[in-house]
Amino acid sequence: MTRPALETRDLSMVYGTGDTAVRALDAVDFQASAGEILALMGPSGSGKTTLLMLLGCLLHPTAGAVWVEGQPLAGLSNHALAQLRLRRMGFIFQSYNLFPALTAAENIQVALELKGRDLGEATELLDRVGLAGRLRNYPRQLSGGEKQRVAIARALAGDPPILLADEPTAALDSVTGRTVVKLLADLAHAQGRAVVVVTHDPRVGELADRVVRIEDGRLRP
Amino acid sequence: MGDYAPNIARFSDLRSFAFICGPIVLNKMKRGRSHWGAGMAGLLAWRNLAHDRSRFVVTLVGIIFAVVLIAMQIGLFLGFSDSTTTIIRHTNADFWIVAKGSQNFEVTLPINERELYLARSVPGVAQAEALLVQFTLWKKPDGGNESVIVLGSNLNTGLAGPWHIVEGQLEDLRRPDAVMIDRVFLDKLGVSTVGTRVEINGRRAIVVGFTQGIRSFTTSPWVFASYRNAQYLSGFAEDATNYVIGRLHPDADPARVRDALAQILPRTDVYLSEQFATRTRDYWMFTTGAGASVLISAVLGLLVGVVIVAQVLYATTVDHLPEFGTLSAMGAPRAFIYKVILGQAVISATLGGLPGIAVSMIIAKGSESTAAAILVPPWLVAPLYGITLAMCILASVASIRKAMSIDPAMVFQR
């Protein structure tokens, strides 16, 4: 039986201590498989970004466990977690998080170099997201949709099997947002990646294979 | 694979970056392959700095200022140090005989001229002669007095005397009452042309020539004269002098001859030239505290430089904190972030340090015509660059700590 790309069991996360403690996640059991795009939806403060950060090895849970491609994260050092992120995951952020001083191609080359890949792959990656003509453009010279596609191309550097996206369409108009979501869906379906998208956007839900709703730190059926 | 040659190989990017990071990195980038080390980290460092040109210019001006400050303090120290021994180093003497207990060249007690004849009798001594060095008063033509040091030497042997004569001839010093002074002190001594008549120690003298660049650590100008003229002008007793200097036979053992001289001249101290120069320099630079104060100023200059550079590098890092957070979230090794920040320090040190050193050398050149020499010799360029580099790297420590303190989860919370 194939193991899920991402899996959590009884996952809980509490921020702070004592009277100021806030329970962001409460005993969450979650799975995401290769080849599917999964939308994680819920109101603001429901815990969806916290779940994404835990899946992305960026936080240590208060309780419960996370597995990435079958490997338990418990006990891994920060260095090992960073290596796991670098080799197996790609991140897409709401505000793109591109390096403003670098061109589109160079933004991708940073990721390629970190992953020990050929810098020339930047051309192909930008071509794959339909930006072959924007290699030498700086982020300030790109539209919001183009920036997000550059961010997706950067996330694809090194061919990671898992993509984690945080509100990737929040800053985009409806047409551009739809294009980006279709691109993410294609990356899941055609290339067999596990794509987890945190979103408020119902269009994402429409195109996702599965929608997981979260409220007050708990998954809802 | 696409045909896109990595953008970092473009000339506009490389013109400064390649200059800094050298051909190895350049070749790596041109090939489009590189480990995660130098290439993209170096490019990111360069672009982070150059992206905001106004700030970068301010950064470079700050570093130039710091480097000039440090170079000036070191240059002053070297200038002072040099001027304490300038006369000793420009004599052709192998040994110096001075009154017992003399601490430095300028201030000594008289010794009897008899010591000169005794010195000449010591085996290994090829030549010995008296040298007179005496503080006295110079009356300016338009009134007012200045303290000067009269230096009288034997003009026939060339063991000591003025050098860098730019107006007049050495032979002119044979004329009665003739003296030479340095151009640096013309204003101070109220002299504008050769032929000016002055009064030294109440006796008439005439300026017959000028030297160039012979400074005095004590700020009292040197007045060069023949030995007999100096004796007359300073009122020194005829049977006294204050130095006996000389040369050794080529095959003589300097240490043995020195010991022999010391034995036969018990009322004096005998030094080889380098020993006497060191003794004089150490006295003025360290015993009096003058050198220490200049050294402290140099250290303070360094600290000010570190603070300036730290401030600007820190501000640059803070501006780019989200990017460091993004790198951390992506899983970039700490070394990559170190390299970006240290790369910024190296680039800043190079682009700010080299112009700063050039400005310092220009200022030092300009100081040649002043009484306070600032020496920035070519050999100082590498140490100054090293200091600048160390200063910038030290200054980047705070930036590294800041960048490393970022929680990579922050990138999801923006």
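Quick caveat, the model's predicted, so the values are computed rather than measured.

Cut-off values and rules
- Residues numbered from 1 in each chain as written.
- Chains lettered and ligands numbered in written order.
- Predicted model: local features only at pLDDT ≥ 70, side-chain atom pairs only at ≥ 80, totals over all residues.
- Heavy atoms only, no water.
- Helix = DSSP H or I, 4+ residues; strand = E, 2+ residues; numbered from the N terminus.
- Rg over C-alpha atoms; globule rule 2.2 N^0.38 Å.
- Buried < 20%, exposed > 50% of the residue type's maximum accessible area, 1.4 Å probe, protein only.
- Areas by Shrake-Rupley, 256 points an atom, 1.4 Å probe, with all protein chains shown as cover.
- Lys, Arg positive; Asp, Glu negative; His and termini not counted.
- Charge placed at Lys NZ, Arg CZ, Asp CG, Glu CD.
- Pairing = 2+ DSSP bridges.
- Axes fitted to C-alpha atoms, helices over the stretch in contact; angles between N-to-C directions.
- Contact = heavy atoms within 4.5 Å.
- Core = buried A, V, L, I, M, F, W, Y, C linked by side-chain atoms within 4.5 Å.
- Salt bridge = Lys/Arg side-chain N within 4 Å of Asp/Glu carboxyl O.
- 1 Å grid on protein atoms, 1.4 Å probe; cavity = no way out; pocket = protein on both sides within 12 Å on 5 of 7 lines; lining within 4 Å.
- Points joined across faces, edges and corners; volume = space filled by probe spheres on them.
- Expected span 1.5 Å × (residues − 1).
- Bend = angle between axes of the 7 residues up to and from the residue.
- Polar contact = N/O pair within 3.5 Å; in protein donor to acceptor, adjacent residues only side chain to side chain.
- pLDDT = per-residue confidence, 0-100.
- Nonpolar A, V, L, I, M, F, W, Y, C, P; charged D, E, K, R; others polar.
- Patch = residues over 30% accessible without salt bridge, like charges linked within 9 Å, V, L, I, M, F, W, Y side chains within 5 Å.
- Parallel < 35°, antiparallel > 145°, perpendicular 65-115°, else oblique.

## Quick notes on the overall build of chain A
Next up, step 1: From N to C terminus, chain A includes seven helices and ten strands.
Next up, step 2: Taking 221 residues into account, the globule formula puts the C-alpha radius of gyration at 17 Å, and chain A, at 17 Å, falls close to it.
Next up, step 3: Looking at chain A as a whole, 58% of its 221 residues are labelled buried.
Next up, step 4: Carbon and sulfur atoms form 48% of the exposed surface of chain A, whose accessible area is close to 8600 Å².
Next up, step 5: Looking at charge distribution, chain A has the averaged site of its 24 positive side-chain charges lying 2 Å from that of its 24 negative ones.

## Describing the sheet that holds strand E3 (residues 37-41) of chain A
Note on sheets: strands pair through backbone hydrogen bonds, and any given pair is parallel or antiparallel.
Residue and element names in this part refer to chain A.
Next up, step 1: Strand order in the open sheet made by the six strands is E6-E7-E8-E3-E9-E10, with mixed pairing throughout. Every other strand in the sheet has two partners, leaving strand E6 (89-92) and strand E10 (218-220) as the edge strands with one partner each. Put simply, the sheet's adjacent strands are angled 25 degrees from each other on average, direction ignored.
Next up, step 2: Note: E6 against strand E7 (residues 162-166), four bridges, orientation parallel. The residue of E7 that forms the bridge with Gly90 is Leu163.
Next up, step 3: Strands in contact with helix H1 (residues 48-55) are E3, E6, E7, strand E8 (194-199) and strand E9 (210-215); relative to E8, the strand with the most contacts, it is inclined by about 150 degrees.

## Focus: the nonpolar core
Next up, step 1: Residues Leu126, Ile152 and Leu184 of chain A together with Leu327 and Phe336 of chain B are the most contacted members of the largest nonpolar core, which totals 69 residues.
Next up, step 2: Of the residues forming this core, the biggest block, eight residues, is contributed by helix H2 (residues 38-51) of chain B.
Next up, step 3: Sequence-distant contacts of Leu126 of chain A, that is, excluding residues within four places in its chain, are made with Ala104, Ala105, Ile108, Leu131, Ala132, Leu135, Val150 and Ala153 of chain A.
Next up, step 4: In terms of nonpolar packing, the next biggest core, distinct from the first, is built from 41 residues, Leu132, Val223, Val244 and Leu248 of chain B among them.

## Focus: the pattern of salt bridges
A side chain with one charge can pair with a side chain of the opposite charge if their charged atoms come near.
Residue and element names in this part refer to chain A.
Next up, step 1: Counted according to the given criterion, the structure contains 21 salt bridges over all chains.
Next up, step 2: Residues Arg23 and Asp26 are paired through a salt bridge, measuring 3.6 Å at the closest nitrogen-oxygen approach.
Next up, step 3: Take Arg23: its relative accessible area is 47%, and that puts it in the partly exposed class.
Next up, step 4: With relative accessibility at 17%, the residue Asp26 sits in the buried group.
Next up, step 5: The network of salt bridges with common partners includes Arg3, Glu7 and Arg9.

## Side note on empty space enclosed by the protein
Empty space among the atoms becomes apparent when a probe as large as a water molecule is rolled across them.
Next up, step 1: Considering all chains together, one arrives at two cavities of 30 Å³ or more under this definition.
Next up, step 2: Its boundaries defined by the atoms lining it, the largest cavity holds a volume of some 70 Å³.
Next up, step 3: Around the largest cavity sit Met89, Gly90, Phe91, Phe93, Ala111, Lys115, Arg154 and Ala155 of chain A together with Met330 of chain B, which together line it.
Next up, step 4: It is E6 of chain A that provides the largest number of residues to the lining of the largest cavity, a total of three residues.

## What about helix H12 (residues 334-366) of chain B?
Next up, step 1: Look at H12 of chain B: 47 Å from first C-alpha to last across 33 residues, which is about the 48 Å you get at 1.5 Å a residue.
Next up, step 2: Maximum bend of H12 of chain B: about 25 degrees, positioned at Gly353 of chain B, with proline Pro355 of chain B one to four residues after it.

## Description of helix H4 (residues 121-128) of chain A
Residues and elements named next belong to chain A.
Next up, step 1: Among the residues of H4, those classed as buried are Glu121, Ala122, Thr123, Leu125 and Leu126.
Next up, step 2: Looking at the buried side of H4, the elements it contacts are helix H3 (104-114) and helix H5 (144-156).
Next up, step 3: At the exit of H4 stands Gly130, carrying a positive phi of roughly 75 degrees.

## As for the side chain of Glu146 of chain A
Residue and element names in this part refer to chain A.
Next up, step 1: Looking at the element boundaries, Glu146 is found in helix H5.
Next up, step 2: Given a relative accessible area of 13%, Glu146 falls into the buried group.
Next up, step 3: Within the local environment of Glu146, its side chain forms a polar contact with the backbone nitrogen of Ser143, the two atoms lying 2.9 Å apart.
Next up, step 4: The residues contacting Glu146, other than those within four sequence positions of it, are Leu131 and Arg134.

## Side note on the confidence of the model for chain B
Residue and element names in this part refer to chain B.
Next up, step 1: Residues at a pLDDT of 70 or more form 90% of chain B, whose mean pLDDT is 84.
Next up, step 2: Taken as a whole, residues 1-37 scores under 50 in pLDDT and shows 82 contacts with residues more than four places along the chain or in a different chain.
Next up, step 3: The complex model carries a pTM of 0.74, and its ipTM stands at 0.91.

## Some points on the layout of surface pockets
Next up, step 1: The computed volume of the largest pocket comes to approximately 440 Å³.
Next up, step 2: Lining the largest pocket are 21 residues, and of these Asn78, Ala82 and Arg85 of chain A together with Arg334 and Pro408 of chain B lie nearest its centre.
Next up, step 3: Taken together, the elements giving at least two residues each to the lining of the largest pocket come down to helix H2 (78-88) of chain A together with H12 and helix H14 (397-404) of chain B.
Next up, step 4: Here the lining of the largest pocket takes six residues from H2 of chain A, the largest share from any one element.
Next up, step 5: Its residues assigned to classes, the lining of the largest pocket comprises twelve nonpolar, six polar and three charged.

## Describing the sheet that holds strand E2 (residues 22-32) of chain A
Residues and elements named next belong to chain A.
Next up, step 1: Taken in spatial order, the four strands make up an open sheet running E2-E1-E4-E5, and their pairing is antiparallel. Each of the sheet's edge strands pairs with one partner strand only, and the pair in question is E2 and strand E5 (71-72).
Next up, step 2: Across seven bridges, the pairing between strand E1 (residues 6-15) and E2 is antiparallel. What sits directly across from Thr8, in E2, is Phe30.
Next up, step 3: Against the sheet, H1 contacts E1, E2 and strand E4 (63-68), and its axis sits at roughly 120 degrees relative to E1.

## Things to note about the side chain of Glu167 of chain A
Residue and element names in this part refer to chain A.
Next up, step 1: With respect to the helices and strands, Glu167 occurs in the loop between E7 and helix H6 (174-189).
Next up, step 2: Salt bridges are absent for the buried Glu167, whose nearest opposite-charge side chain, Lys48, sits at 4.5 Å.
Next up, step 3: Excluding anything up to four places from it in sequence, Glu167 contacts Lys48, Gln94, Val198, Thr199 and His200.

## Observations concerning a nonpolar patch on the surface
Residue and element names in this part refer to chain B.
Next up, step 1: Where nonpolar side chains cluster on the molecular surface, the patch consists of Ile296, Val299, Leu300 and Leu303 and spans about 380 Å² of accessible area.
Next up, step 2: Mapped onto the elements, Ile296 comes out in helix H10 (residues 290-319).
Next up, step 3: Note on Ile296: relative accessible area 51%, which makes it exposed.

## Focus on the packing of helix H9 (residues 273-287) of chain B against H10 of chain B
All names here are of chain B.
Next up, step 1: Where H9 meets H10, the axes come as close as 4 Å, and the angle between the chain directions of the two elements is 60 degrees. Taken together, the axes of H9 and H10 lie oblique to each other. On the side of H9, the interface is formed by Trp284, Met285 and Phe286, while H10 contributes Ala290, Gly291, Ala292 and Leu295.
Next up, step 2: Split by residue class, the contact of H9 with H10 holds six nonpolar, one polar and no charged.

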